[in-house]
Amino acid sequence: MSLIYKAAARLVVKGSAARNAAVVALFTTAIPALLWALEAYIGRGLWQTLLEAYLLKLSFSETHILYPCTSAYRSGDCPRDVVAQFVRRDLRAASCGHVASACLESAAESFVDSFVSPLFWYALLGLPGAWAQRIANTLDGLIGFKEWGRSGAPAAYLDTALNWAPARMAALFMLAAAYLLGHRPDLKAVGDKSVESPNARWPISAMAASLRVKLEKPGSYSVGQGGLPSRSDVLRGLRLLAAALALYSACLLALLAGLNFL
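## Quick notes on the packing of helix H6 (residues 96-125) against helix H9 (residues 201-211)
Link 1 in the chain: Interaxial distance between H6 and H9 falls to 8 Å at its minimum, and their mutual angle equals 125°. Taken together, H6 and H9 sit at an angle that is classed as oblique. The two elements H6 and H9 meet at a crossing, and its hand is right-handed. Contact residues: H6 offers Leu 104, Glu 105, Ala 108, Glu 109 and Val 112, while H9 offers Pro 203, Ile 204, Met 207 and Leu 211.
Link 2 in the chain: In the contact of H6 with H9, the residues fall into 7 nonpolar, no polar and 2 charged.

Put into structure tokens, the structure is as follows:
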């Protein structure tokens with residue numbers, strides 16, 4: 001995806017909504033179309049299945065979700081610099097609680113963008129679906145910001161549409177994993193609308209509810225009724241996400257196996 005990011009960065013222009021919409025349309029249709037044509041051409045067999053598995057793995061990641069926070073909190077109790085690189089937020093003046101909160105918020109959002117959503121679209125549309133979602137998410141990370149205004153809207157709206165169902169599914173799997181791990185989620189926090197993003201509010205609030213902590217981005221939102229998370233809360237949150245990853249994978253594999261059997 002880094003090559004797609006770099007290629008798109010050369011084509012998009014801040015302030016040009018039409019040009020950027022064309023770039024988004026090109027990347028999210030041309031590359032999936034090539035994958036569809038490749039699948040149709042090579043047919044089915046052992047090496048074709050291995051190739052498809054490799055191309056699918058390029059569209060999702062579990063280490064992107066779990067490793068950055070784990071790495072950060074192995075290096076100290078308040079690793080501002082390491083976490084800042086992961087969350088892409090200035091944390092130099094942040095309290096240790098807000099640093100931990102930022103790590104959990106970003107990990108929860110990445111659970112949707114980097115795992116649940118690409119596999120959801122793979123189950124529906126195969127490799128083209130998985131890659132279309134990841135490309136849209138990559139382009140959203142390039143231009144889908146408020147400062148881009150209408151010129152960033154094509155990527156932002158497409159990413160929001162593709163992640164609408166997966167975001168809510170991710171929250172359900174996080175809550176299910178929480179119950180399996182013996183947590184008692186505060187369900188009143190789930191779907192808290194203080195988070196402006198209609199998709200991000202679901203995994204973030206599910207994380208806050210499951211850990212019974214407050215996840216807060218000062219000046220933007222505050223979710224949950226507990227205190228800000230500690231180092232131990234971050235580690236609990238990572239175990240929760242690992243369990244949710246496993247649970248979602250098991251359910252998806254069972255579904256795909258059942259469909260193939262039919």
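## With respect to helix H3 (residues 46-57)
Link 1 in the chain: Between the first and last C-alpha of H3 there are 17 Å, a value that for 12 residues agrees with the 16 Å anticipated at 1.5 Å per step.
Link 2 in the chain: Buried within H3 we find Gln 48, Glu 52, Leu 55 and Leu 56. In an axial view of H3, the angular spread of the buried residues amounts to 100°, which keeps them on one side of the axis. Turned more than 90 degrees away from the buried face of H3, the exposed residues are Leu 46, Trp 47, Leu 50 and Tyr 54.
Link 3 in the chain: Considering only its buried residues, H3 is in contact with helix H2 (17-42), H6 and helix H7 (127-143).

## Quick word on the packing of aromatic side chains
Link 1 in the chain: One pass over the full model with this rule turns up 5 aromatic pairs.
Link 2 in the chain: Ring plane angle 15° and centroid distance 6.4 Å describe the contact between Phe 111 and Phe 115, whose orientation is recorded as stacked. Linking Phe 111 with Phe 115, this pair stays in helix H6, spanning 4 residues, or about one helical turn.
Link 3 in the chain: Taking relative accessible area as the criterion, Phe 111 reaches 0% and is therefore assigned buried.
Link 4 in the chain: Judged by centre distance (5.2 Å) and plane angle (85°), the ring pair of Phe 173 and Tyr 248 falls under edge-to-face. On the criterion of sequence distance, the pair formed by Phe 173 in helix H8 (residues 153-180) and Tyr 248 in helix H10 (residues 231-261) is long-range, its members being 75 residues apart.
Link 5 in the chain: One aromatic cluster in this structure is built from Phe 60, Phe 111, Phe 115, Phe 173 and Tyr 248.

## Some remarks on empty space enclosed by the protein
Link 1 in the chain: In total, this model carries 1 cavity of 30 Å³ or more according to the counting rule given.
Link 2 in the chain: In this structure, the largest cavity spans a volume of roughly 70 Å³.
Link 3 in the chain: Around the largest cavity, the lining residues are Leu 38, Glu 39, Ile 42, Gly 43, Arg 44, Gln 48, Leu 51, Glu 52, Leu 55 and Leu 127.
Link 4 in the chain: Residue contributions to the lining of the largest cavity peak at 4 residues, all from H3.
Link 5 in the chain: Class assignment of the residues belonging to the lining of the largest cavity gives a composition of 5 nonpolar, 2 polar and 3 charged.

## Thoughts on unusual backbone geometry
Link 1 in the chain: In this structure, Arg 88 takes a positive phi of about 55° despite not being glycine.
Link 2 in the chain: Looking at the secondary structure, you find Arg 88 in the loop between helix H5 (80-87) and H6.
Link 3 in the chain: One non-glycine residue with positive phi stands out, namely Arg 212, at about 55°.
Link 4 in the chain: Tracing the chain through its elements places Arg 212 in the loop between H9 and strand E1 (215-217).
Link 5 in the chain: Assessed through its relative accessible area of 47%, Arg 212 is described here as partly exposed.

## Some details on the layout of surface pockets
Link 1 in the chain: In this structure, the largest pocket encloses a volume near 1900 Å³.
Link 2 in the chain: Contributing to the lining of the largest pocket are 49 residues, with Arg 88, Glu 109, Asp 113, Asp 140 and Phe 145 lying nearest its centre.
Link 3 in the chain: Elements with a minimum of two residues in the lining of the largest pocket: helix H1 (2-9), H5, H6, H7, H8 and H9.
Link 4 in the chain: Top contributing element to the lining of the largest pocket by residue count: H8, with 7 residues.

About the criteria used
Residues numbered from 1 in each chain as written. Predicted model: local features only at pLDDT ≥ 70, side-chain atom pairs only at ≥ 80, totals over all residues. Heavy atoms only, no water. Axes fitted to C-alpha atoms, helices over the stretch in contact; angles between N-to-C directions. Helix = DSSP H or I, 4+ residues; strand = E, 2+ residues; numbered from the N terminus. Parallel < 35°, antiparallel > 145°, perpendicular 65-115°, else oblique. Left-handed = near helix turned anticlockwise from the far one by under 90°. Contact = heavy atoms within 4.5 Å. Nonpolar A, V, L, I, M, F, W, Y, C, P; charged D, E, K, R; others polar. Expected span 1.5 Å × (residues − 1). Buried < 20%, exposed > 50% of the residue type's maximum accessible area, 1.4 Å probe, protein only. Arc of directions from axis to C-beta. Phe/Tyr/Trp six-rings, centres within 6.5 Å; stacked < 30°, edge-to-face > 60°. 1 Å grid on protein atoms, 1.4 Å probe; cavity = no way out; pocket = protein on both sides within 12 Å on 5 of 7 lines; lining within 4 Å. Points joined across faces, edges and corners; volume = space filled by probe spheres on them.

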